[in-house]
Amino acid sequence: MLKLIFCGYDAESAPASSIAHDADPEEVATVFKPRPAITNPDAQCYVSLDPKCVAYRKLQRDLISTYREKDPDINQKIRQYQRRILIENGLIHNNTSDVDEWRLVGLAHRTYRRIWLNIDDAIALCDRKFRRHKIVCITIDVEEATSPEEQLLMHRSLHAFIGVHGAQLTQGVLLPKHGYILEFLPWVPFYLWGSWVATTHVPTPLGVIFQKTHLNHVGYPLGRESVPLCSDVDKSDEERTRLCLMNETSGVLEKFRWADRDFNVPLQTIEDFVSEFLLKENNPITCDDMQKRAERKNFVMYNAFCKQNATQRMFISKQYYRKKDDRRTKNVHERGGTPMPRGNALD
């Protein structure tokens, strides 16, 4: 999946027997072949942040339509997967219970680098607050998937997907229509490289991927409290904090870089996100409603798939970025005031 996102791909026809040994010799399948390097301009959206880029929307459409053609029973498999999750969590007890009344929220779990340290607390809070509303939070670890199909089922079963900025959230392209992605933006002070992963006045690289799709992409800027380093330093003392976090000889800097840093999430943010956007009784209907809900809880609405007004039937895609704060201290690694990604912007 990541090579498809980063490098672009070619969709080619091939005998189905070249993929599955038990396939009909006459059957033709679509094969996605990642390109060896980022050479297609359309696939460089994560570098240019081009709002007109269509590569990711095309990838999402092609992946889902191809799976449906390959397996007409995929929707039934998704429901079976959802049912299995609910049974494992003790929420339903047989195969006849209605799974449609439940909403599944996936919290992205990583086993190394950018580990969500208080993920168990977040799930406990979600259970305590929202199970009575038929909402359940679960961990999602793509490393546990044994096949591409399981990755599809894992993400297609979700109503929302939550995690820190990074490659694992690119799997959000597999979410169903109207799904939500909540991207936690790492705290990047002015002296740390990587400010583009936390932009709110323009989309992050993930924001480009989900822009103008049938998904809702929400961002939340994490603060100093999310960083589990230099805890003995008074957080109000910005200079001492900087000296501690940027200390190379102590090894702290290596752990502080956003791409390697483990993090904590304010639990109130999980409660606010679920309450504002996922509770059925609070379901936002209009674009203005979604924007207002995001603003009042400090979220950024990178992409809203919404109705212009309550009487409309058609949904549209709208983006609500924040106005750039020119008063903030300019990041020392920015060029001309614009964050410049280097290497893999979603690593």
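Residues numbered from 1 in each chain as written. Predicted model: local features only at pLDDT ≥ 70, side-chain atom pairs only at ≥ 80, totals over all residues. Heavy atoms only, no water.

## Observations regarding the sheet that holds strand 4 (residues 135-140)
One key point about sheets: their strands pair by backbone hydrogen bonds, in either a parallel or an antiparallel sense. If you walk across this open sheet you meet the seven strands as 4-3-5-6-7-8-9, and the pairing is mixed. The open sheet has two edge strands with one neighbour each: strand 4 and strand 9 (316-320). Neighbour to neighbour, the strand axes of the sheet diverge by 20 degrees on average, direction disregarded. As judged from the three bridges shared by strand 7 (residues 216-221) and strand 8 (residues 300-306), these two strands associate in the antiparallel manner. Note that in strand 8 the partner of histidine 217 across the bridge is asparagine 303. (Pairing = 2+ DSSP bridges. Helix = DSSP H or I, 4+ residues; strand = E, 2+ residues; numbered from the N terminus. Axes fitted to C-alpha atoms, helices over the stretch in contact; angles between N-to-C directions.)

## Comments concerning the layout of surface pockets
Of the pockets and cavities examined, the largest pocket occupies roughly 850 Å³. Lining the largest pocket are 30 residues, with Trp187, Val188, Pro189, Phe190 and Arg328 sitting closest to its centre. The element best represented in the lining of the largest pocket is helix 8 (residues 238-245), accounting for four residues. Classifying every residue of the lining of the largest pocket gives eleven nonpolar, eight polar and eleven charged. (1 Å grid on protein atoms, 1.4 Å probe; cavity = no way out; pocket = protein on both sides within 12 Å on 5 of 7 lines; lining within 4 Å. Points joined across faces, edges and corners; volume = space filled by probe spheres on them. Nonpolar A, V, L, I, M, F, W, Y, C, P; charged D, E, K, R; others polar.)

## What to know about the pattern of salt bridges
Throughout the structure, instances matching the rule amount to 13 salt bridges. Note that aspartate 260 and arginine 113 form a salt bridge whose closest N and O atoms lie 3.7 Å from each other. Here arginine 113 lies in the loop between strand 3 (103-108) and helix 5 (119-130) and aspartate 260 lies in the loop between helix 9 (252-256) and helix 10 (267-278), a separation of 147 residues in the sequence. Looking at aspartate 260, the relative accessible area reads 32%, which means it is partly exposed. Two residues, arginine 296 and glutamate 276, come together in a salt bridge whose shortest N-O distance is 2.8 Å. Highlighted residues: arginine 296 in helix 11 (residues 287-296) and glutamate 276 in helix 10, separated in sequence by 20 residues. Taking the relative accessible area as the measure of exposure, glutamate 276 reaches 8% and is therefore buried. One connected set of salt bridges, linked through shared partners, spans Asp71, Lys77 and Glu149. (Salt bridge = Lys/Arg side-chain N within 4 Å of Asp/Glu carboxyl O. Buried < 20%, exposed > 50% of the residue type's maximum accessible area, 1.4 Å probe, protein only.)

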